Amino acid sequence: MSKFFPSFSWAVPLAFSDAVNLCRFEEGDILYDSPLAYKKCWSTAFDRGASALQIRYPARSSSAAKGAGAVFEKNWVSEVRVDLYKKLKKPVSITTTQGKLYSALWKGNLGLLEAKADPPLPIRLKQIMRMLKVMPNQIINLASGSLTFVLPRDMSNSVSKLKYQKINAVLSPHLHTKEPIILLPKDAGLPDCETIAPTVEIALFPLTLDNTDELTELIKSAVYTPGQNTKKSMFRVASHGFTIASSWRNP
């Protein structure tokens, strides 16, 4: 498994998951455009023209990772100060926004750091759920007539990552394939894929099961915890992903 997010143009390590998920890079963070620069051969990487960004502001905060909802959107327009290094020359200090920094790392365009306007927010996981209500033909074809569970995931998001791990654990014994099929949005046939967050992927679980009820119970066992006083199950598969039956047809 790669140690870097595959859809960022820069080499953004998975260790920066919290920073990426919250769109908040902090003082002391250092990012390189080449995977080589994270290793002992970093000097070789710079000889080949590698660049680096070191975050100078905001200060590191233990409370920054708390919260949910609009945290990403709020941080997108917040200030960040960086030093840009090229070939170990004297750094250039730039004051920009977290959204511009995120986009520069994503698109590989350092000019975005000094753009006049903030770039548009990327399409994120909740929006992907809505997009998949019309299932792309690429995904249907990969299902190959098998009962298949389709799970959007964001591996920078700890909740989404844990959900994937739990569902993978209960479905793995029933897979047609050796392991789940992981697709980037463009390979899944999603529209406007260039605007989808670079951390979003689509996991397909083609299964040997024939019974959708059995699939539902497996997923429920993995992710559903009823409340203490709950008398009726509130579990819905559609809150987590989508089921493709062998007879699937788009509306």
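About the thresholds
Numbering of residues starts from 1 in each chain and follows the order in which that chain's sequence is written. Where local features are concerned, this predicted model is filtered to residues with pLDDT of at least 70; where side-chain atom pairs are given and counted, the filter is 80 or more; whole-chain, interface and lining totals use all residues. Working from all heavy atoms in the structure, the side-chain values ignore hydrogens and water. Secondary structure elements follow DSSP: runs of H or I of four or more residues count as helices, runs of E of two or more count as strands, with numbering from the N terminus. One less than the residue count of a helix, multiplied by 1.5 Å, gives the span that helix is expected to have. Throughout, a residue-residue contact means that at least one pair of heavy atoms, one from each residue, lies within 4.5 Å. The definition of a polar contact used here is a pair of N or O atoms within 3.5 Å, where within protein one atom must be able to donate a hydrogen and the other to accept one, and adjacent residues in sequence count solely through side-chain atom pairs. Note on ring pairs: Phe, Tyr and Trp rings are taken, using the six-membered ring of Trp, and paired if centres are within 6.5 Å. Classes follow the plane angle, with under 30 degrees stacked, over 60 edge-to-face and the rest tilted. Classification of residues uses two cut-offs on accessible area relative to the type maximum, computed with a 1.4 Å probe and protein chains only: under 20% is buried, over 50% is exposed, and between them is partly exposed.

K.L.:
Before we move on, could you go through helix 7 (residues 158–171) and cite the residues and values that matter?
P.N.:
If you check helix 7, its first and last C-alpha atoms are 20 Å apart, about what 14 residues at 1.5 Å a residue would give, namely 20 Å. If you follow the buried residues of helix 7, they end up packed against helix 5 (125–131), strand 5 (147–154), strand 6 (181–183), strand 7 (200–207) and helix 9 (212–223). Two to three positions downstream of the cap, the backbone nitrogen of valine 159 sits 2.9 Å from a side-chain oxygen, assigning the N-cap of helix 7 to asparagine 157.

K.L.:
Please provide a residue-by-residue account of the packing of aromatic side chains, values included.
P.N.:
In this structure the tally under the stated criterion is 11 aromatic pairs. Judged by centre distance (4.9 Å) and plane angle (90°), the ring pair of tyrosine 32 and tyrosine 38 falls under edge-to-face. Relative accessible area serves as the criterion here: at 17%, tyrosine 32 is assigned to the buried category. Looking at tyrosine 38, the relative accessible area reads 28%, which means it is partly exposed. Taking the centre distance of 5.5 Å and the plane angle of 90° together, the rings of phenylalanine 72 and tyrosine 102 count as edge-to-face. With phenylalanine 72 in helix 3 (residues 71–76) and tyrosine 102 in helix 4 (residues 98–107), the pair connects residues that are 30 residues apart, well separated along the chain.

Everything listed here is a matter of geometry and, on its own, says nothing about what the molecule does.
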